Amino acid sequence: MSRTKSRRLAAALPICFLIAGCGAPAPSDQAEASVDTVAGGAVSPPSSSTEASHAVIKKTAATGWCSTNEPVIFSCQLKNRKTISVCGIESGEGAKTAQYRFGILGQPPELRWPEAAGKNRLTFASAPYSGGGEAQLSFSRGDVTYVVYSRIVRTNFTPGEPNDPAISDGIMVLKGQALATDLICSDSDVAPVDYELASEYADQSDAAFVIPGE
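Thresholds, definitions, all that
Residues numbered from 1 in each chain as written. Predicted model: local features only at pLDDT ≥ 70, side-chain atom pairs only at ≥ 80, totals over all residues. Heavy atoms only, no water. Helix = DSSP H or I, 4+ residues; strand = E, 2+ residues; numbered from the N terminus. Buried < 20%, exposed > 50% of the residue type's maximum accessible area, 1.4 Å probe, protein only. Contact = heavy atoms within 4.5 Å. Areas by Shrake-Rupley, 256 points an atom, 1.4 Å probe, with all protein chains shown as cover. Phe/Tyr/Trp six-rings, centres within 6.5 Å; stacked < 30°, edge-to-face > 60°. Lys NZ or Arg CZ within 6 Å of the ring centre and 35° of its normal. Disulfide = S-S within 2.5 Å. Pairing = 2+ DSSP bridges. Axes fitted to C-alpha atoms, helices over the stretch in contact; angles between N-to-C directions. Core = buried A, V, L, I, M, F, W, Y, C linked by side-chain atoms within 4.5 Å.

**Student:** I keep staring at the overall build of the protein chain and nothing clicks. Help me out?
**Tutor:** On a plain count of helices and strands, the protein chain comes out with four helices and 10 strands. From first element to last, N terminus to C terminus, the protein chain shows the α and β order α-α-α-β-β-β-β-β-β-β-β-β-α-β. Taken across its 214 residues, the protein chain has 49% of its residues classed as buried. For the protein chain, restricting intrachain contacts to residue pairs at least 6 apart in sequence, the fraction spanning at least 24 positions comes to 59%. Only carbon and sulfur atoms are counted for the fraction: they give 53% of the accessible area of the protein chain, which is about 9,700 Å².

**Student:** Can you help me understand the packing of aromatic side chains in this one?
**Tutor:** The description of an aromatic ring pair uses the distance of the two centres, along with the angle that the planes make with each other. Going through the model one piece at a time under the given rule, you end up with five aromatic pairs. Consider the rings of Tyr100 and Tyr146, whose centres lie 5.9 Å apart with planes at 45 degrees: the pair is tilted. Of this pair, Tyr100 sits in strand E3 (residues 96–103) while Tyr146 sits in strand E7 (residues 144–154); the two residues are 46 residues apart in sequence, bridging distant segments of the chain. Where Trp113 meets Phe139, the ring centres are 4.7 Å apart and the plane angle is 5 degrees; that geometry is what we call stacked. Residue Trp113 is found in strand E4 (residues 111–113), and its partner Phe139 is found in strand E6 (residues 132–141); the two are separated by 26 residues along the sequence. Residue Phe139 is classed as buried on the basis of its relative accessible area, which comes to 4%. Pairwise contacts between aromatic rings join Tyr100, Trp113, Phe139 and Tyr146 into one cluster. For the cation-ring pair, Arg151 lies above Tyr149, with the distance from its terminal atom to the ring centre recorded as 4.1 Å.

**Student:** Quick question: what am I supposed to make of the state of the cysteines here?
**Tutor:** Two cysteines, two sulfur atoms, one covalent bond between them: this is a disulfide. Under the criterion given, the structure shown has two disulfides. In this model, Cys66 is linked to Cys87 through a disulfide, with the two sulfur atoms separated by 2.0 Å. Note on the Cys66 and Cys87 pair: the S-S dihedral is about -95 degrees, so by sign convention the disulfide is left-handed. Pair noted here: Cys66 is in the loop between helix H3 (48–53) and strand E1 (72–77) and Cys87 is in strand E2 (residues 83–90), with a separation of 21 residues, a long-range link. On the basis of relative accessibility, which here comes to 0%, the residue Cys87 falls in the buried class. Here the bonded cysteines of the protein chain are numbered in sequence order, and their pairing is 1-3, 2-4.

**Student:** Would you take a moment to explain the sheet that holds E1 for this structure?
**Tutor:** Strands in a sheet are paired, the pairing made by backbone hydrogen bonds, and the direction either parallel or antiparallel. Strand order in the open sheet formed by four strands is E1-E2-E3-E4, and the pairing between neighbours is antiparallel. Only two strands of the sheet have a single neighbouring strand rather than two, namely E1 and E4. Averaged over all pairs of adjacent strands, the angle between their axes in this sheet comes to 15 degrees, without regard to strand direction. Looking at chain direction, E3 and E4 are connected through three bridges and run antiparallel. Bridging across to E4, Tyr100 finds its partner in Trp113.

**Student:** Any chance you could explain the nonpolar core here in plain terms?
**Tutor:** One recurring pattern in soluble globular proteins: nonpolar side chains tend to sit buried together. Val86, Tyr100, Leu122 and Leu137 are the most contacted members of the largest nonpolar core, which has 30 residues in total. The biggest single contributor to this core is helix H4 (residues 195–201), with four residues. Apart from the residues lying within four places of it in its own chain, the contact partners of Leu137 are Ile73, Val86, Leu122, Thr123, Phe124, Tyr146, Val147, Val148, Val193, Ala198 and Ala202. Within the second largest apolar cluster, six residues are counted, among which are Tyr149, Met172, Ile184 and Val210.

Here's what the structure looks like:
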């Protein structure tokens with residue numbers, strides 16, 4: 001098993017350990033991930049308290065927009081070479097916040113939300129599937145909702161056979177209740193949603209789990 005696949009399976013463990021198996025159908029990636037982007041700017045510098053509470057992470061493709069001393073809650077690169085990252089940041093008062101960043105690395109981020117720690121927080125939700133599950137980090141700007149996800153769905157239900165999990169990570173963008181785009185991470189070096197960090201840096205509400213059209 002590859003290191004990336006092992007990392008994805010480990011990330012889904014909180015909802016898989018009671019259910020045998022794991023995997024999900026891959027949606028198309030024809031549209032842009034950012035339906036409503038804003039000009040970026042320098043990403044907020046990490047605080048020393050973040051580095052003290054989390055091990056420094058070696059900079060790789062999977063760390064994306066996150067600084068080496070920011071916890072990586074999620075990160076991946078899309079087919080269009082743009083990178084989505086959710087990084088843990090802290091205010092001077094110690095307020096912890098998950099911050100979404102999107103764009104081409106090396107350029108100002110096209111979208112960064114929230115702008116600073118302590119003002120707004122992403123929502124973390126998860127749901128179990130038969131032989132797997134899905135974790136989501138979401139936020140809304142007006143009628144546009146951004147949903148970063150890591151998904152595992154079982155594809156083989158033959159008794160005694162392997163579950164053959166289908167694994168996907170990506171982002172859904174909805175306008176109102178309608179799905180505007182669904183992009184799959186294309187690079188093999190993916191940091192899937194980290195359940196522990198998501199619970200720490202985002203507001204947890206499984207009732208907020210997003211299902212397009214509902």
